[in-house]
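Residue-level listing of the chains:
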4 protein chains.
Amino acid sequence: MEEFERRVQDSFRRQAFMKTLGAEIATRKMGEVEIRFPFHRSLTQQNDFVHAGAITSILDSACGYAALSVAPLDHDVLSIEFKVNFLSPAVGEEFCARSHVKRAGKNLIVCAADAFALKNSQEKLVATMLATIMAVMRIA
Amino acid sequence: MEEFERRVQDSFRRQAFMKTLGAEIATRKMGEVEIRFPFHRSLTQQNDFVHAGAITSILDSACGYAALSVAPLDHDVLSIEFKVNFLSPAVGEEFCARSHVKRAGKNLIVCAADAFALKNSQEKLVATMLATIMAVMRIA
Amino acid sequence: MEEFERRVQDSFRRQAFMKTLGAEIATRKMGEVEIRFPFHRSLTQQNDFVHAGAITSILDSACGYAALSVAPLDHDVLSIEFKVNFLSPAVGEEFCARSHVKRAGKNLIVCAADAFALKNSQEKLVATMLATIMAVMRIA
Amino acid sequence: MEEFERRVQDSFRRQAFMKTLGAEIATRKMGEVEIRFPFHRSLTQQNDFVHAGAITSILDSACGYAALSVAPLDHDVLSIEFKVNFLSPAVGEEFCARSHVKRAGKNLIVCAADAFALKNSQEKLVATMLATIMAVMRIA
């Protein structure tokens, strides 16, 4: 496993909320990350679709970890802000968010990510995010 | 309980994800909603702050229910898109999102919401959302 | 004129694009700014409404100058990103954007602004912005 | 010239604000549009960079016309909202915005666009937009 991969995996494992969502991460290469979770009823809204907040959560973490994978080793990352568009109801057996770094500045890293629903082996785009991440010197 | 309140409460109770977050809703008046959850370790990120995705989830639902409270009775609401700014780390004993309708059009309802952390009886602004909601004729 | 007012006015006068829009600025107090321009055909889109880009431009400058008015004296400000919702067609005799600082951090300043159309002495909300501004040490 | 191209060109020519910016449009194919303008001092901010509002204006129109090119023939389009990230100072001899349709629904069309500065024959990414457009039946 490469340095940036270990770094992303270590931090991800400490995100209790990702465990609550049943989510797992895969780093594809520096600046690109994929997070997935299987459908679970505990994640639904009133129409039994997956809640926009759950989809947003993996999009956010995918953007954050794409940024972390390119940030200096003694830095951590913070979500400054993001915007999400919801393109289709989140219906499927599994959901995944794929992010990439759009531009890495000294302090600010802009990432984009798409979320897909997997149903009968077909992927459907359900949401897209544009996010601003800040790299900050790690304290401890 | 008034009609719009019952309507919001009924729909909210069907959101399994809100139960997963330990969240409860209060409608203050038409077009204004508050959702809260107590701190729980299952909602944290790598630094033991509450995950941006959990905060975003109650901001999103608060905007959606503010919109629902002013939508025609035979309509349901969908999140089209939103943007969130994170203003302070989400550290506290309890978290709440307060939303209001900024403009209600025939089909689109624009809502704003702020999220606060409560710590030692003090509220701190931790995030702010601007959201576009669509009112759609209920199918069933 | 107070220090922060002079500072805002000096910088605004150097924005040639604001002259192109016919815009003028008024600082109401630290962290609050208003920019206005009268209707002019050169600012319209295909339906003779004022172009969303012209409205966005004064919202952006209003957020930037609200941020500048609270930034350290040796700092300048940069727009990192913003989001705008368009709430009504921009029809009127005059247009104004009013901004305020939502949260001023050490480096990042989050501002909100509303844009209004004035018609027959009545104000109508036409757009709303949420913006992230960065304060950076001035170079020259 | 194809139908969708003529349609985009006709509407663009009626946007007086695009003339004010010195902008021209090229439709590359259905759902993809490019708008450019040369540097002009009348479009600058206080540091002689092109104003974020001018860049945003061509990004917005590029998204709107990408949407128009795929909308039903008796429909017009309206910008509902957009978000822009500014990635580099807008310095160059020419500026262009390239948009594409991300998802076209029945009423809502989500578009993305990038803006580039051209300097010494080199393109640099300066901004990126994610926009929500509504297709509405044309009145006249």
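Whatever comes next refers back to the structure up there.
Read on for an overview of the structure.

About the criteria used
Residues numbered from 1 in each chain as written. Chains lettered and ligands numbered in written order. Predicted model: local features only at pLDDT ≥ 70, side-chain atom pairs only at ≥ 80, totals over all residues. Helix = DSSP H or I, 4+ residues; strand = E, 2+ residues; numbered from the N terminus. Rg over C-alpha atoms; globule rule 2.2 N^0.38 Å. Buried ≥ 20, exposed ≤ 12 C-beta atoms within 10 Å, placed from the backbone. Least-squares fit on C-alpha atoms with pLDDT ≥ 70 in both. Contact = placed C-beta atoms within 7 Å. Nonpolar A, V, L, I, M, F, W, Y, C, P; charged D, E, K, R; others polar. Pairing = 2+ DSSP bridges. Axes fitted to C-alpha atoms, helices over the stretch in contact; angles between N-to-C directions. Parallel < 35°, antiparallel > 145°, perpendicular 65-115°, else oblique. Left-handed = near helix turned anticlockwise from the far one by under 90°. Expected span 1.5 Å × (residues − 1).

Turning our eyes to something else, we now look at the overall build of chain A. Assigned secondary structure in chain A consists of three helices and six strands. Sequence-ordered secondary structure for chain A, helices as α and strands as β, is α-α-β-β-α-β-β-β-β. In summary, chain A has a C-alpha radius of gyration of 15 Å against a globular reference of 14 Å for 140 residues, a match within 12%. Summarising its shape, the C-alpha atoms of chain A cover approximately 45 × 25 × 25 Å along the three principal directions. By the burial criterion, 57% of the 140 residues in chain A qualify as buried.

Looking now at the relation of the copies chain B and chain A. The pair of chain copies shares a relation made of a rotation about an axis and a shift along it. Superposing chain B onto chain A requires a rotation of 180 degrees together with a translation of 0.0 Å along the rotation axis, leaving an RMSD of 0.0 Å. Seen this way, the second copy is the image of the first under a two-fold rotation axis. When each C-alpha of chain B is compared by its distance to the rotation axis, B:Lys83 comes out closest, at 2.0 Å. Looking at the interface residues of chain B, 100% of them are also at the interface in chain A, so both copies use one shared face.

Least-squares fitting of chain B to chain D yields an RMSD of 0.0 Å, with the transformation described by 0.0 Å of translation along the axis and a rotation of 180 degrees. Take the interface residues of chain B: 100% of them recur as interface residues in chain D, which is what a same-surface contact looks like.

With that settled, the discussion passes to the interface of chain B and chain D. If you look at the interface, chain B gives five residues, while chain D gives five residues. Of the residues forming the side of chain B that touches chain D, the biggest block, three residues, is contributed by strand 3 (residues 75-86) of chain B. Among the residues forming the side of chain B that touches chain D, the class breakdown is two nonpolar, one polar and two charged.

Turning our attention to the interface of chain B and chain A. At the interface, 27 residues of chain B touch 27 residues of chain A. Looking at the side of chain B that touches chain A, the elements with two or more residues in it are helix 2 (16-20), helix 3 (52-70) and strand 3 of chain B. By residue number, the principal contributor to the side of chain B that touches chain A is strand 3 of chain B, which donates eight residues. Residues belonging to the side of chain B that touches chain A are distributed by class as follows: nine nonpolar, 13 polar and five charged. Relative to strand 3 of chain B, strand 3 (residues 75-86) of chain A runs antiparallel, the two being bridged by five bridges. If you follow A:Val84 over to strand 3 of chain B, its bridge partner there is B:Phe82.

The antiparallel open sheet is built from twelve strands, whose spatial order is 1(C)-2(C)-4(C)-5(C)-6(C)-3(C)-3(D)-6(D)-5(D)-4(D)-2(D)-1(D). Strand pairing shows two members of the sheet lacking a second neighbour, strand 1 (24-29) of chain C together with strand 1 (24-29) of chain D, which therefore form its edges. Direction aside, the axes of adjacent strands within the sheet are offset by 25 degrees on average. Sheet topology note: the strand 1 of chain C/strand 2 (residues 32-38) of chain C ladder contains five bridges and is antiparallel. Note that in strand 2 of chain C the partner of C:Thr27 across the bridge is C:Val33. Contacts between helix 1 (residues 3-13) of chain C and the sheet are confined to strand 1 and strand 2 of chain C, with strand 1 of chain C contributing the most and set at about 165 degrees to the helix. Contacts from helix 3 (residues 52-70) of chain C reach strand 1, strand 2, strand 3 (75-86), strand 4 (94-104), strand 5 (108-119) and strand 6 (122-137) of chain C together with strand 3 (75-86) of chain D within the one sheet, and its direction differs from that of strand 4 of chain C by about 40 degrees.

Now for the packing of helix 1 (residues 3-13) of chain D against helix 3 (residues 52-70) of chain D. All names here are of chain D. Packing of helix 1 against helix 3 leaves a shortest axis separation of 9 Å and a crossing angle of 140 degrees. The angle between helix 1 and helix 3 places the two elements in the oblique class. Judged by the sense of rotation from one axis to the other, the crossing of helix 1 with helix 3 is right-handed. Judged by residue contacts, Phe4, Arg7, Val8, Ser11 and Phe12 of helix 1 engage Tyr65, Leu68 and Ser69 from helix 3.

With that settled, the discussion passes to unusual backbone geometry. Residues and elements named next belong to chain D. Of note in the backbone geometry, Asp48 takes a positive phi value of approximately 70 degrees without being a glycine. By the element assignment, Asp48 lies in the loop between strand 2 (32-38) and helix 3. Phi at Ser121 is positive, roughly 65 degrees, even though this residue is not glycine. Tracing the chain through its elements places Ser121 in the loop between strand 5 (108-119) and strand 6 (122-137).

Let us look at the sheet that holds strand 2 (residues 32-38) of chain B. Strand pairing in a sheet relies on backbone hydrogen bonds, with the paired strands running either antiparallel or parallel. Reading across the sheet, the twelve strands line up as 1(A)-2(A)-4(A)-5(A)-6(A)-3(A)-3(B)-6(B)-5(B)-4(B)-2(B)-1(B) and stay open at both edges, with antiparallel pairing between neighbours. On the outer flanks of this sheet lie strand 1 (24-29) of chain A together with strand 1 (24-29) of chain B, each paired with one strand and no other. When strand polarity is set aside, the average angle formed by the axes of neighbouring strands in this sheet is 25 degrees. Summarising the sheet, strand 4 (residues 94-104) of chain B and strand 5 (residues 108-119) of chain B pair through ten bridges and their orientation is antiparallel. Bridge pairing in strand 5 of chain B places B:Cys96 opposite B:Phe116. The sheet contacts of helix 3 (residues 52-70) of chain A involve strand 1, strand 2 (32-38), strand 3, strand 4 (94-104), strand 5 (108-119) and strand 6 (122-137) of chain A together with strand 3 of chain B, and relative to strand 4 of chain A the element is tilted by about 40 degrees. Each of strand 3 of chain A together with strand 1, strand 2, strand 3, strand 4, strand 5 and strand 6 (122-137) of chain B touches helix 3 of chain B; the most contacted strand, strand 4 of chain B, lies at about 40 degrees to it.

The next point concerns helix 3 of chain A. Every α-helical turn comprises 3.6 residues, leaving residues that sit three or four positions apart pointing alike. In this model, helix 3 of chain A (19 residues) spans 28 Å end to end at C-alpha, consistent with the 27 Å of a helix rising 1.5 Å per residue. Burial analysis of helix 3 of chain A places 18 of its 19 residues in the buried class, the great majority of the element.

That's the geometry; what it means functionally is another story.
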